[in-house]
Amino acid sequence: VIATVFKKALDEPHYVETYADMMTALRTRYPEFPAAVEGEPPSSFTRLLLTTVQQEYESLPKTLECDDEMKARYPDPDELSFQVSKMKKKFLANMKLIGQLYLRHL
(Lines give C-alpha, C1' and ligand atoms only; values in the text may rest on other atoms or scores of the structure.)
Protein backbone atom coordinates (compact mmCIF):
# COMPACT_ATOMS: atom_id res chain seq x y z
CA VAL A 1 0.00 0.00 0.00
CA ILE A 2 2.79 2.42 0.92
CA ALA A 3 4.70 1.85 -2.31
CA THR A 4 1.56 2.30 -4.39
CA VAL A 5 0.61 5.59 -2.74
CA PHE A 6 4.21 6.80 -2.96
CA LYS A 7 4.39 5.97 -6.69
CA LYS A 8 1.10 7.75 -7.35
CA ALA A 9 2.36 10.80 -5.47
CA LEU A 10 5.44 10.93 -7.69
CA ASP A 11 3.35 10.44 -10.84
CA GLU A 12 0.90 13.19 -9.85
CA PRO A 13 2.97 15.97 -8.22
CA HIS A 14 0.02 18.38 -8.11
CA TYR A 15 -1.61 16.14 -5.49
CA VAL A 16 1.45 15.59 -3.26
CA GLU A 17 -0.23 17.35 -0.33
CA THR A 18 -3.27 15.10 -0.65
CA TYR A 19 -1.11 11.99 -0.74
CA ALA A 20 0.83 13.21 2.31
CA ASP A 21 -2.50 13.69 4.13
CA MET A 22 -3.52 10.18 3.06
CA MET A 23 -0.30 8.73 4.47
CA THR A 24 -0.89 10.59 7.73
CA ALA A 25 -4.39 9.12 7.95
CA LEU A 26 -3.10 5.63 7.15
CA ARG A 27 -0.45 6.00 9.84
CA THR A 28 -3.09 6.58 12.51
CA ARG A 29 -5.33 3.82 11.17
CA TYR A 30 -2.59 1.18 10.82
CA PRO A 31 0.08 1.91 13.46
CA GLU A 32 1.66 -1.58 13.31
CA PHE A 33 1.77 -4.60 11.05
CA PRO A 34 2.52 -8.12 12.25
CA ALA A 35 6.03 -9.39 11.64
CA ALA A 36 6.63 -11.13 8.32
CA VAL A 37 8.94 -13.64 9.98
CA GLU A 38 8.08 -15.19 13.31
CA GLY A 39 10.28 -13.91 16.11
CA GLU A 40 10.87 -10.45 14.61
CA PRO A 41 9.23 -7.34 16.04
CA PRO A 42 6.17 -5.97 14.25
CA SER A 43 6.72 -3.25 11.62
CA SER A 44 5.26 0.20 12.09
CA PHE A 45 3.67 2.17 9.27
CA THR A 46 6.09 5.03 9.87
CA ARG A 47 9.14 2.76 9.64
CA LEU A 48 7.92 1.22 6.38
CA LEU A 49 7.16 4.65 4.96
CA LEU A 50 10.60 5.96 5.88
CA THR A 51 12.23 2.92 4.32
CA THR A 52 10.28 3.49 1.10
CA VAL A 53 11.20 7.20 1.05
CA GLN A 54 14.87 6.40 1.67
CA GLN A 55 15.01 3.78 -1.08
CA GLU A 56 13.37 6.10 -3.58
CA TYR A 57 15.68 8.98 -2.64
CA GLU A 58 18.77 6.83 -2.96
CA SER A 59 17.65 5.55 -6.36
CA LEU A 60 17.48 9.09 -7.78
CA PRO A 61 20.27 10.08 -10.13
CA LYS A 62 23.12 12.09 -8.64
CA THR A 63 22.82 14.69 -11.39
CA LEU A 64 19.97 15.85 -13.60
CA GLU A 65 22.19 16.33 -16.62
CA CYS A 66 22.33 13.99 -19.61
CA ASP A 67 25.16 11.51 -19.57
CA ASP A 68 26.51 9.41 -22.43
CA GLU A 69 24.36 6.44 -21.42
CA MET A 70 21.14 8.47 -21.69
CA LYS A 71 22.24 9.93 -25.01
CA ALA A 72 22.90 6.42 -26.33
CA ARG A 73 19.56 5.12 -25.02
CA TYR A 74 17.59 8.03 -26.53
CA PRO A 75 19.28 9.13 -29.78
CA ASP A 76 16.32 11.32 -30.78
CA PRO A 77 16.82 14.81 -29.24
CA ASP A 78 13.09 15.24 -28.60
CA GLU A 79 12.87 11.91 -26.77
CA LEU A 80 16.00 12.74 -24.78
CA SER A 81 14.54 16.10 -23.79
CA PHE A 82 11.28 14.42 -22.77
CA GLN A 83 13.09 11.84 -20.62
CA VAL A 84 15.21 14.52 -18.91
CA SER A 85 12.08 16.56 -18.22
CA LYS A 86 10.34 13.47 -16.81
CA MET A 87 13.34 12.74 -14.57
CA LYS A 88 13.39 16.33 -13.27
CA LYS A 89 9.65 16.24 -12.50
CA LYS A 90 10.05 12.98 -10.58
CA PHE A 91 12.99 14.41 -8.66
CA LEU A 92 11.05 17.56 -7.73
CA ALA A 93 7.94 15.57 -6.80
CA ASN A 94 10.06 13.38 -4.51
CA MET A 95 11.51 16.44 -2.76
CA LYS A 96 8.07 17.99 -2.43
CA LEU A 97 6.64 14.79 -0.95
CA ILE A 98 9.50 14.51 1.54
CA GLY A 99 8.87 18.12 2.56
CA GLN A 100 5.14 17.54 2.99
CA LEU A 101 5.76 14.42 5.09
CA TYR A 102 8.20 16.42 7.23
CA LEU A 103 5.60 19.13 7.79
CA ARG A 104 3.19 16.45 9.01
CA HIS A 105 5.83 15.10 11.45
CA LEU A 106 6.15 11.77 9.68
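Note that this is a predicted model, so its numbers are computed, not measured.

A. How the structure looks around the pattern of salt bridges. One pass over the full model with this rule turns up 4 salt bridges. A salt bridge links Lys7 to Asp11, with the nearest nitrogen and oxygen atoms 3.0 Å apart. One end of the pair is Lys7 and the other is Asp11, both in helix H1 (residues 2-11) and 4 residues apart, which spans about a single turn. Residue classification places Lys7 among the exposed residues on the basis of a relative accessible area of 51%. Of the charged contacts in the structure, one is a salt bridge between Lys90 and Glu56, with a shortest N-O distance of 3.3 Å. With a gap of 34 residues between them, Lys90 in helix H5 (residues 77-103) and Glu56 in helix H3 (residues 45-59) connect regions that are remote in the sequence. For Lys90, a relative accessible area of 37% puts it in the partly exposed group.

B. Main features of the confidence of the model for the chain. In this model, the chain carries a mean pLDDT of 86, and residues with pLDDT of at least 70 account for 100%. Of all secondary-structure elements in the chain, the lowest mean pLDDT belongs to strand E1 (residues 32-33), at 78, while helix H2 (residues 16-29) reaches the highest, 91.

The rules we used
Residues numbered from 1 in each chain as written. Predicted model: local features only at pLDDT ≥ 70, side-chain atom pairs only at ≥ 80, totals over all residues. Heavy atoms only, no water. Salt bridge = Lys/Arg side-chain N within 4 Å of Asp/Glu carboxyl O. Helix = DSSP H or I, 4+ residues; strand = E, 2+ residues; numbered from the N terminus. Buried < 20%, exposed > 50% of the residue type's maximum accessible area, 1.4 Å probe, protein only. pLDDT = per-residue confidence, 0-100.

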